[in-house]
Amino acid sequence: MPSSSVATVGFCYGSAAIFQGKKAEETKTHKWWVYVRGPNNEDLSGVIKRVLFQLHSSFERPTRVVTEAPFAVSEYGWGEFEIGIKVFFHEPADKFITLKHKLALFPKDGSQMSTKKA
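**Student:** What should I look at first to understand the nonpolar core in this one?
**Tutor:** Generally speaking, a soluble globular protein has its nonpolar side chains buried in company with each other. Trp32, Phe53, Ile83 and Ile85 are the most contacted members of the largest nonpolar core, which totals 20 residues. Contributions of two or more residues to this core are made by β2 (30–37), β3 (48–54), β5 (71–77), β6 (81–89) and β7 (96–103). Among the elements that take part in this core, β6 stands out by supplying 5 residues, more than any other.

**Student:** When you look at the pairing of β7 in this model, what are you seeing that I'm missing?
**Tutor:** Remark: a regular strand shows side chains that alternate across the two faces of the sheet. The sheet contact formed by β6 and β7 spans 8 bridges and is antiparallel. If you follow isoleucine 85 over to β7, its bridge partner there is leucine 99. In textbook terms, the turn of a hairpin is the stretch between consecutive antiparallel strands, and for β6 and β7 this stretch comprises 6 residues, one of which, aspartate 94, has a positive phi near 60°.

**Student:** What should I look at first to understand the sheet that holds β6 in this one?
**Tutor:** Paired through backbone hydrogen bonds, the strands of a sheet run either parallel or antiparallel to each other. An order of β4-β3-β6-β7 is seen for the 4 strands of this open sheet, with the pairing classed as antiparallel. At either margin of the open sheet sits one strand with a lone partner, and together these are β4 (63–66) and β7. Strand-to-strand twist of the sheet, defined as the mean angle between neighbouring strand axes without regard to direction, takes the value 20°. Sheet analysis places β3 next to β6, joined by 6 bridges and oriented antiparallel. Counterpart to glutamine 54 in the pairing with β6 is glycine 84.

**Student:** In this structure, what is going on with the pattern of salt bridges? I would like to understand it.
**Tutor:** Oppositely charged side chains can pair when the atoms bearing their charge come close. Using the criterion set out here, one finds 2 salt bridges in the structure. Here arginine 64 makes a salt bridge to glutamate 75, at a shortest N to O gap of 2.7 Å. Note that arginine 64 is positioned in strand β4 and glutamate 75 in strand β5, a separation of 11 residues in sequence. The exposure class of arginine 64 is buried, given its relative accessible area of 9%. The shortest N-O distance in the salt bridge between lysine 100 and glutamate 82 comes to 3.9 Å. Of this pair, lysine 100 sits in strand β7 while glutamate 82 is found in strand β6, placing the two residues 18 residues apart along the sequence.

**Student:** In this structure, what is going on with the sheet that holds β5? I would like to understand it.
**Tutor:** One open sheet accounts for 3 strands, arranged β1-β2-β5; its pairing is antiparallel. Taken across any chain shown, the strands that pair with only one partner, and hence form the sheet edges, are β1 (12–19) and β5. Going from strand to strand, the sheet's axes swing by 15° on average, the running direction of each strand aside. Relative to β2, β1 is paired through 8 bridges, and the arrangement is antiparallel. When the sheet's bridge partners are listed, glycine 14 is paired in β2 with tyrosine 35.

**Student:** Which parts of the structure should I look at to understand unusual backbone geometry?
**Tutor:** Here the amide bond leading from alanine 69 into proline 70 is cis, since omega sits at 0°, within 30 degrees of zero. Among the secondary structure elements, proline 70 is positioned in the loop between β4 and β5. One non-glycine residue, asparagine 41, lies in positive phi territory at about 65°. Secondary-structure assignment places asparagine 41 in the loop between β2 and β3.

The rules behind each value
Residues numbered from 1 in each chain as written. Predicted model: local features only at pLDDT ≥ 70, side-chain atom pairs only at ≥ 80, totals over all residues. Heavy atoms only, no water. Core = buried A, V, L, I, M, F, W, Y, C linked by side-chain atoms within 4.5 Å. Buried < 20%, exposed > 50% of the residue type's maximum accessible area, 1.4 Å probe, protein only. Helix = DSSP H or I, 4+ residues; strand = E, 2+ residues; numbered from the N terminus. Pairing = 2+ DSSP bridges. Axes fitted to C-alpha atoms, helices over the stretch in contact; angles between N-to-C directions. Salt bridge = Lys/Arg side-chain N within 4 Å of Asp/Glu carboxyl O.

Here is the structure:
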């Protein structure tokens, strides 16, 4: 009987947003990114086949499929919403997991945003 082994590879997902300043267009107040990556930015293309990001329906092409690292989508917008994420793996063939991520543009502590670099 052949033996089998299981490998575990960690990854993380999340987002980041940058306020574009008071002069930004009303519908483009923030530049944001949503991503799936290794915990230390490792290249996961040997494990992950593709990532599907489901954006809000108001975006042109709300379904985005990324087939190579970095597995990320960048956009401009003004509102927060939930992003659906499907991570497809090479093995077992086309097996996937489904995740949800809340895109946050504004500080949770109510502080004012700044466009100045720290």
